[in-house]
Structure formats: structure tokens, C-alpha cells
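Breakdown of the fold
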Amino acid sequence: METEQPFAAASTGKRKHLAVREYLAGLVARELDVGDAIPSERTLSERFGVARMTVRQAVDALVADGLLAREQGRGTFVAPRRVDFEMRLTTFGEEMRRRGMRPDSKVLAAERVSAPADVADALGTLTGRPLHYLCRVRYADGTPMSIEQTWVPVALAPDLFAGGAPGSVYDALRRLGLDPAWGEETLTADDADDREAALLGMRSRRAVMRAERRTFSEAGPCAYSRACYRGDRYSVWVPLGAPTRVLVPRQSPHPAA
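Since this is a predicted model, take the numbers as computed values, not measurements.

1. Observations concerning the packing of aromatic side chains
Summed over the entire model, instances satisfying the criterion amount to 4 aromatic pairs. Joined through ring pairs, the aromatic side chains of Y133, W151 and Y224 make up one cluster.

2. What to know about helix α3 (residues 52-64)
When the terminal C-alpha atoms of α3 are compared, their 18 Å separation across 13 residues agrees well with the 18 Å that a helix rising 1.5 Å per residue should span. All of the buried residues in α3 are T54, V55, A58, V59, A61 and L62. When α3 is viewed along its axis, its buried side chains cluster within an angular range of 155° and face the same direction. In the segment just after α3, G66 is the residue with positive phi, at about 85°.

3. Overview of the nonpolar core
Counting 20 residues, the largest nonpolar core has V119, L123, L131, I147, W151, M202 and Y224 as the members making the most contacts within it. Of all elements in the fold, only α5 (117-123), β5 (130-140), β6 (143-153), α7 (194-200) and β9 (220-230) reach the threshold of two or more residues within this core. Among the elements that line this core, the one with the most residues is β5, at 5 residues. Apart from the residues lying within four places of it in its own chain, the contact partners of V119 are L131, W151, Y224 and R226. Within the second largest apolar cluster, 13 residues are counted, among which are L44, V55, V59 and V78.

4. Comments concerning the environment of A51
Tracing the backbone shows A51 in the loop between α2 (41-48) and α3. Here the alpha-carbon distance between A51 and K16, two residues 35 residues apart in the chain, equals 9.8 Å.

5. Considering the layout of surface pockets
Of the pockets and cavities examined, the second largest pocket occupies roughly 310 Å³. Lining the second largest pocket are 16 residues, and of these E71, P80, R203, R230 and D232 sit closest to its centre. Looking at the lining of the second largest pocket, the elements with two or more residues in it are β1 (68-71) and β2 (75-78). In the lining of the second largest pocket, the residues fall into 7 nonpolar, 3 polar and 6 charged.

6. Side note on the environment of C222
Residue placement: C222 occurs in strand β9. Exposure remark for C222: the relative accessible area of 1% places this residue in the buried category. Spatially, the C-alpha atom of C222 lies 7.4 Å from that of L178, the residues being 44 residues apart in sequence. Leave out the neighbours within four places in its chain, and C222 touches L123, W151, V152, P153, L156, L173, T215, F216 and S217.

7. A look at the side chain of E148
For E148, the position within the fold is in strand β6. When its relative accessible area of 12% is taken as the criterion, E148 is described as buried. Engagement of the side chain of E148 in a polar contact is seen with the side chain of R138, the distance being 2.9 Å. With residues up to four places along the chain from it excluded, the contact list for E148 reads F92, L134, C135, R136, R138, R226 and A227.

8. Comments concerning the pairing of β9
Buried residues dominate β9, accounting for 9 of its 11 residues. Examined bridge by bridge, β6 and β9 share 6 bridges and lie antiparallel to one another. Residue pairing across strands places E148 opposite A227, the latter belonging to β9. In the sheet, strand β8 (residues 207-217) pairs with β9 via 10 bridges, with the strands oriented antiparallel. By the bridge assignment, M209 is partnered in β9 with Y229.

9. What to know about the packing of α2 against α3
If you want to describe how two helices pack, look at the angle between their axes and the distance between the axes. Remark: α2 packs on α3, axes separated minimally by 9 Å, with the N-to-C direction vectors making an angle of 110°. With respect to α3, the axis of α2 lies roughly perpendicular. As for the relative orientation of α2 and α3, their crossing is right-handed in sense. Contacts from E41, R42, L44 and S45 in α2 reach R52, V55 and R56 in α3. Broken down by class, the residue content of the contact of α2 with α3 amounts to 2 nonpolar, 1 polar and 4 charged.

10. Some thoughts on the sheet that holds β6
The pairing of strands in a sheet comes from backbone hydrogen bonds and takes either a parallel or an antiparallel form. Ordered by their spatial adjacency, 6 strands build an open sheet running β4-β5-β6-β9-β8-β7, and the pairing between neighbours is antiparallel. The open sheet terminates on both sides in strands that have one partner only, identified here as β4 (103-114) and β7 (182-191). Geometrically, the sheet is characterised by an average inter-axis angle of 15° between neighbouring strands, direction not taken into account.

So, how was this worked out
- Residues numbered from 1 in each chain as written.
- Predicted model: local features only at pLDDT ≥ 70, side-chain atom pairs only at ≥ 80, totals over all residues.
- Heavy atoms only, no water.
- Phe/Tyr/Trp six-rings, centres within 6.5 Å; stacked < 30°, edge-to-face > 60°.
- Helix = DSSP H or I, 4+ residues; strand = E, 2+ residues; numbered from the N terminus.
- Expected span 1.5 Å × (residues − 1).
- Buried < 20%, exposed > 50% of the residue type's maximum accessible area, 1.4 Å probe, protein only.
- Arc of directions from axis to C-beta.
- Core = buried A, V, L, I, M, F, W, Y, C linked by side-chain atoms within 4.5 Å.
- Contact = heavy atoms within 4.5 Å.
- 1 Å grid on protein atoms, 1.4 Å probe; cavity = no way out; pocket = protein on both sides within 12 Å on 5 of 7 lines; lining within 4 Å.
- Points joined across faces, edges and corners; volume = space filled by probe spheres on them.
- Nonpolar A, V, L, I, M, F, W, Y, C, P; charged D, E, K, R; others polar.
- Polar contact = N/O pair within 3.5 Å; in protein donor to acceptor, adjacent residues only side chain to side chain.
- Pairing = 2+ DSSP bridges.
- Axes fitted to C-alpha atoms, helices over the stretch in contact; angles between N-to-C directions.
- Parallel < 35°, antiparallel > 145°, perpendicular 65-115°, else oblique.
- Left-handed = near helix turned anticlockwise from the far one by under 90°.

Below you can see the structure in the form of C-alpha cells.
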């Protein structure tokens, strides 16, 4: 019987860990709002009669799930709801409205610039050629979500900024007969610099997701963009399908001499 005690103790510890986790998840769902602090480790430890390590494990699991967020020196709080970043050729505004959120933008720059070498290469043009450049902070329900920079060749859309910065670059291109037909995007993880962190309202956590996108119309590259998304507000959603069977030509059992 003595050999069963460690297993029984471990099982009890696991049940207590789950009880704390379920209690906190219930608080978040029914009583707490985004930004509210959860009860302290000491309070939870006394309430459930468990060690602080057990409480910490339960909180760690909810942080990993994106339900809670830790801020060093301040405590643990209810995290903002994450938005899934679906890999589709859509605009920020379209994605936010699809999720029932109100999109908005703050224009930081809308001007004509000379193409830097890397941007010119992405757009298939020459360094120094004139480009429209648009830089915006994108908001959802009043919360800053991303910083987006977009370049469009002036030769393709000379009057793109004639009426001011367009609310949607894609819609403006469609009106010019340059319908975005397909694109390619690269995602990387990074830390926000001081300017980005200030614009996005990020204090202690600075993880961001960077996206580079080339958009093509039937005529070729029509836009190139770089975006910096808050890591605490986005997760990537990618649909997966079963791999198709690869057909390999059958080799002849009698190779030619």
C-alpha cells in the first residue's frame, strides 16, 4: 500500500491545481473585466489550502492560454481578448468587422517617397522610383492593435492620395481596376522598439508579430506592406488540409542500356 501513496498524493495535487485553475477561469468569465487583478497567490493558497507553487502552476496555465497576463512588479491581470490572425488576403478593417469589432486608424504619414532598395525589390521596380507611402496605427474598439506601413507605385495609381489617405488601400486599388488577386506573407516574432511600444500602448510586454506582405493584381505587384501586431492581442490561425498524394513515375524494372 505504501507504494501507492506518492501516486495518490500526486493525483490530489493535480486535482487541487485544476480546482484553482477552474475557479480563476470562472472569475474571468463571470466577474472580472479586462485589466482587473486576480486574487493574490496568498489569498488563493489560503482559500484552497494548497501551496503557493500549486497556485502558481494554475496561473501559469491560464497565462499560457492567453486568459491572464503578468506584469512584472504589478501583478497578474485579466488579459485582453486575443484576435485570431487568419491567413487571408483581406484588410485590417475587414477582419475586425468580421469579428464584430469597430476598426479605426490614425494616419502618421501619407506622402510620396523615393523607393528604398528593399521596397523597390519587393515591388519589382527600380530604387528611387516614386511610391505612395502610408503609415497608420490600426485600432479595434479603440485599442491600438498594429502599426501598418504600405507602399504603392505612383505609376500604378497616380491619384491614390488625391482625396487624402484612403480608408482602405485595397478598396482604392479596386476602384482603379487593380483588384488584389493574390499575395504572399511572411511572419516573424520580434520585440517592439520604444516608438512602436509607445504607439501600441505596450508597457512591460513587448512581444510583437511582424508581417511582410506582397499583394499582386493581374498586372503584377501592386502593394507592399509591413505590419507590427501586438503579440498579446493576436494569435495566428492557419487552416490545414490533408497532404495530397505525390505521384512518382514508376521506374522500369529493366532500365535502358
